[in-house]
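# Observations on chain architecture
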Amino acid sequence: MTLLRVLFLALLQAYMGYAAAESIDDGLTSIAREIVVSDSVHGEFRQEKTLPFVTTPFVSTGEFRLARESGLFWHVLEPLESTMLVRDGQVSLDGKRVDDQGVGRLITTVMLGFLEGNLSGLKETFDVSTDILDAGWTMSLTPKSSRLRAAIELVRIQGKQHLTAIEIVDAEHNRTLMQFTNVRTDAQEAVPLAEPAR
């Protein structure tokens, strides 16, 4: 292979890498322009967890509230009531601190990024691809680090002005799909310091 050809291929590879990075930046910028930035957001969710060896998904429904300063409050109403609170990197289930494997924190980090309109930080942790249509946008996130890949294979996010769905495929190919409805922003609303009374 001649030196000229080697130089040409190196320049072509560098250009393709630059073009891909520019395309990702353009996609993130377009999505950031679409989403509504707010101090807090709340709504309802439907969550499906599908396991490879089970034909029927596990379905739960409930409500959530997310605030910049106080984190995520995830309240499952059906089939069994439970609560998850994620604040300052700590996760509590039904009022008890747990050693979260990263999924609860991941959901909170992703949702806060969209709440604040700050999507550029996603590129530090994930390889990002975007697909933008008139009806909405889709973003796919693949973990860069082997540590995160050991837990999560893919995160797929859909939305328009607000998030409408987050899908997480873990390293064992279990699939969790969270769909959001009746999403509303409001004046900053603190997440409860204590779990609600039963």
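Anyway, here's the lowdown on the structure attached to this text. What you see is a predicted model; the values in this text were computed from it and never measured.

## Brief notes about the sheet that holds strand 8 (residues 136-143)
- As summarised here, the arrangement of the 11 strands in space is 6-5-4-3-2-1-11-10-9-8-7, forming an open sheet in which the pairing is antiparallel. Of all strands in the sheet, those bounded by a partner on one side alone are strand 6 (96-98) and strand 7 (126-133). For this sheet, the mean inter-axis angle between neighbouring strands, taken without regard to orientation, is 20°.

## Looking at unusual backbone geometry
- For the bond from Glu78 to Pro79, the omega torsion is 5°, close enough to zero to count as cis.
- The residue Asp94 is not glycine, and still its phi comes out positive at about 50°.
- Assignment of secondary structure puts Asp94 in the loop between strand 5 (90-93) and strand 6.
- In this structure, His173 takes a positive phi of about 70° despite not being glycine.
- Note on placement: His173 falls in the loop between strand 10 (163-170) and strand 11 (175-186).

## Regarding the pattern of salt bridges
- Counted under the stated rule, the structure contains five salt bridges.
- Across the salt bridge formed by Glu48 and Arg46, the nearest N and O atoms sit 2.3 Å from each other.
- Taking the relative accessible area as the measure of exposure, Arg46 reaches 33% and is therefore partly exposed.
- A salt bridge links Glu167 to Arg175, with the shortest nitrogen-to-oxygen separation between them at 2.4 Å.
- The partly exposed category is assigned to Arg175, whose relative accessible area is 29%.
- Counted as one network, the salt bridges with shared partners bring together Arg156, Glu167 and Arg175.

## Remarks on the pairing of strand 5
- In this sheet, strand 5 lies alongside strand 4 (residues 82-87) in antiparallel orientation, the contact comprising four bridges. Note on strand 5: the bridge partner recorded for Val86 is Val91.
- Hairpin connection of strand 4 to strand 5: two residues between the antiparallel strands, including Asp88 at a positive phi of 55°.
- As paired strands, strand 5 and strand 6 are joined by three bridges and run antiparallel to one another. Bridge assignment links Ser92 to a residue of strand 6, and that residue is Arg97.
- In sequence, strand 5 turns back onto strand 6 through a hairpin of two residues, with Asp94 there showing a positive phi of about 50°.

## Things to note about the nonpolar core
- If you look at the biggest cluster of nonpolar residues, it comprises 36 residues, and the most contacted ones within it are Trp74, Phe114, Met139, Ile157, Ile166 and Phe180.
- In terms of residue count, helix 2 (residues 103-116) provides more of this core than any other element does, seven residues in total.
- With sequence-adjacent residues up to four places away left out, Phe180 is seen in contact with Glu44, Phe45, Phe64, Trp74, Met111, Leu163, Thr164, Ala165 and Ile166.

## Remarks on the packing of aromatic side chains
- Under the definition given, this model contains four aromatic pairs.
- Consider the rings of Phe64 and Phe180, whose centres lie 5.3 Å apart with planes at 65°: the pair is edge-to-face. A residue pair is termed long-range when its members are at least 10 positions apart, and Phe64 in strand 2 (residues 58-67) and Phe180 in strand 11 qualify at 116 residues. Taken individually, Phe64 and Phe180 each receive the classification buried, so the pair is uniform in this respect.
- Grouped by ring-pair contacts, the aromatic residues Phe45, Phe64, Trp74 and Phe180 constitute a single cluster.

## Points about a negative patch on the surface
- On the surface, Glu44, Glu63, Glu78 and Glu81 cluster together to form a negatively charged patch.
- Mapped onto the elements of the fold, Glu78 is located in strand 3 (residues 71-78).

The rules behind the values
Residues numbered from 1 in each chain as written. Predicted model: local features only at pLDDT ≥ 70, side-chain atom pairs only at ≥ 80, totals over all residues. Heavy atoms only, no water. Pairing = 2+ DSSP bridges. Helix = DSSP H or I, 4+ residues; strand = E, 2+ residues; numbered from the N terminus. Axes fitted to C-alpha atoms, helices over the stretch in contact; angles between N-to-C directions. Salt bridge = Lys/Arg side-chain N within 4 Å of Asp/Glu carboxyl O. Buried < 20%, exposed > 50% of the residue type's maximum accessible area, 1.4 Å probe, protein only. Core = buried A, V, L, I, M, F, W, Y, C linked by side-chain atoms within 4.5 Å. Contact = heavy atoms within 4.5 Å. Phe/Tyr/Trp six-rings, centres within 6.5 Å; stacked < 30°, edge-to-face > 60°. Patch = residues over 30% accessible without salt bridge, like charges linked within 9 Å, V, L, I, M, F, W, Y side chains within 5 Å. Areas by Shrake-Rupley, 256 points an atom, 1.4 Å probe, with all protein chains shown as cover. Lys, Arg positive; Asp, Glu negative; His and termini not counted. Charge placed at Lys NZ, Arg CZ, Asp CG, Glu CD.

Purely geometric numbers; function is a separate question.
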